[in-house]
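Architecture and fold: a report
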Amino acid sequence: MNIEVNAIFQIAGIGIIIAMIHTVLKQMGKEDMAHWVTLIGFVVVLFMVVRLLDDLLQEIKTIFLFQ
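Please read these numbers as outputs of a predicted model, since none were measured by experiment. Note on numbering: residues in each chain are counted from 1, in written sequence order. It should be noted that, the model being predicted, local features are given only for residues of pLDDT at least 70 and side-chain atom pairs only at 80 or more, the latter also being counted only at that level, while totals for whole chains, interfaces and linings use all residues. Heavy atoms from the whole structure form the basis of all side-chain values; hydrogens and water molecules are not counted.

**What about the overall build of the chain?**
As a reminder of what qualifies: Secondary structure is summarised from DSSP: a helix means a run of H or I of at least four residues, a strand means a run of E of at least two, and numbering begins at the N terminus for each. The quantity called the radius of gyration is restricted to C-alpha atoms. Its globule counterpart is 2.2 Å times the number of residues to the power 0.38. All accessible-area figures derive from a Shrake-Rupley calculation using a 1.4 Å probe, and residue coverage is judged against the displayed protein chains alone. Charged-residue counts in this description rest on Lys and Arg as positive and Asp and Glu as negative, His and the chain ends being excluded. Positions of charges follow a simple convention, taking NZ of Lys, CZ of Arg, CG of Asp or CD of Glu.
Counting its regular elements, the chain contains two helices and zero strands. Relative to the 2.2 N^0.38 estimate, which gives 11 Å for 67 residues, the radius of gyration of the chain is 17 Å and therefore markedly larger than a compact globule would have. With respect to the principal axes defined by its C-alpha atoms, the chain has extents near 55 × 20 × 10 Å. Summing over all exposed atoms, the chain offers an accessible surface of approximately 5,700 Å²; the carbon and sulfur share of this is 73%. Averaging the locations of the 4 positively and 6 negatively charged side chains of the chain gives two centres separated by 7 Å.

Structure below.
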């Protein structure tokens, strides 16, 4: 359970940092860079979620197939 809570805090932290960077870049007038930063942050979080889903599916496979 500790790993899941840690992953949630990591994702939330990345979201907060990306939101702050996006706001600063937008205030500086660099909206294109702000959108790229948001997109890169989304991709990083997406890879984290995919990795967690893979771990979950492996655990389910282990439980139900008794391997």
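The structure having been displayed, the exposition proceeds.
**With respect to the environment of Q58**
The residue Q58 is located in helix α2 (residues 31-65) in this model. Sequence separation between Q58 and T38 is 20 residues; the distance between their C-alpha atoms is 30 Å.

**Observations concerning the UniProt feature "transmembrane region" (unreviewed entry) in the chain**
Our working rule: UniProt positions are given in the numbering used here, feature names are shortened, and annotations may be inferred rather than shown by experiment.
On the UniProt side, "transmembrane region" (unreviewed entry) is annotated at positions that read residues 7-27 and 33-53 here. The span residues 33-53 shows a helical share of 100% and a strand share of 0%, and its end C-alpha atoms are spaced 30 Å apart.

**Quick notes on a nonpolar patch on the surface**
Stated formally: Nonpolar side chains (Val, Leu, Ile, Met, Phe, Trp, Tyr) within 5 Å and like charges within 9 Å form the patches, drawn only from residues with over 30% relative accessible area and no salt bridge. We define a salt bridge as a side-chain nitrogen of Lys or Arg found within 4 Å of a carboxyl oxygen belonging to Asp or Glu. A simple rule labels every residue: compare its accessible area, found with a 1.4 Å probe on the protein chains alone, to the largest value its type can have, and call it buried under 20%, exposed over 50%, or partly exposed in between.
Where nonpolar side chains cluster on the molecular surface, the patch consists of W36, L39, I40, F42, V43, V44, L46, F47 and V50 and spans about 890 Å² of accessible area. Following the sequence through the fold, V43 ends up in helix α2. The partly exposed category is assigned to V43, whose relative accessible area is 34%.

**Comments concerning α2**
Heads up, the rule is: Expected helix span is computed as 1.5 Å times (number of residues minus one).
Its 35 residues give α2 an end-to-end C-alpha distance of 50 Å, which sits within 8% of 51 Å, the value for a rise of 1.5 Å per residue. Looking at α2, one finds that the buried residues are A34, V37, G41, V45 and M48.

**Here's the deal with the environment of R51**
Considering the arrangement of structural elements, one finds R51 in helix α2. Exposure remark for R51: the relative accessible area of 52% places this residue in the exposed category. When the C-alpha atoms of R51 and E31 are compared, they prove to be 30 Å apart, with 20 residues separating the residues in sequence.

**Thoughts on the environment of A19**
Relative to the helices and strands, A19 resides in helix α1 (residues 2-27). Distance from A19 to V5, taken between C-alpha atoms, is 21 Å for residues 14 residues apart in sequence.

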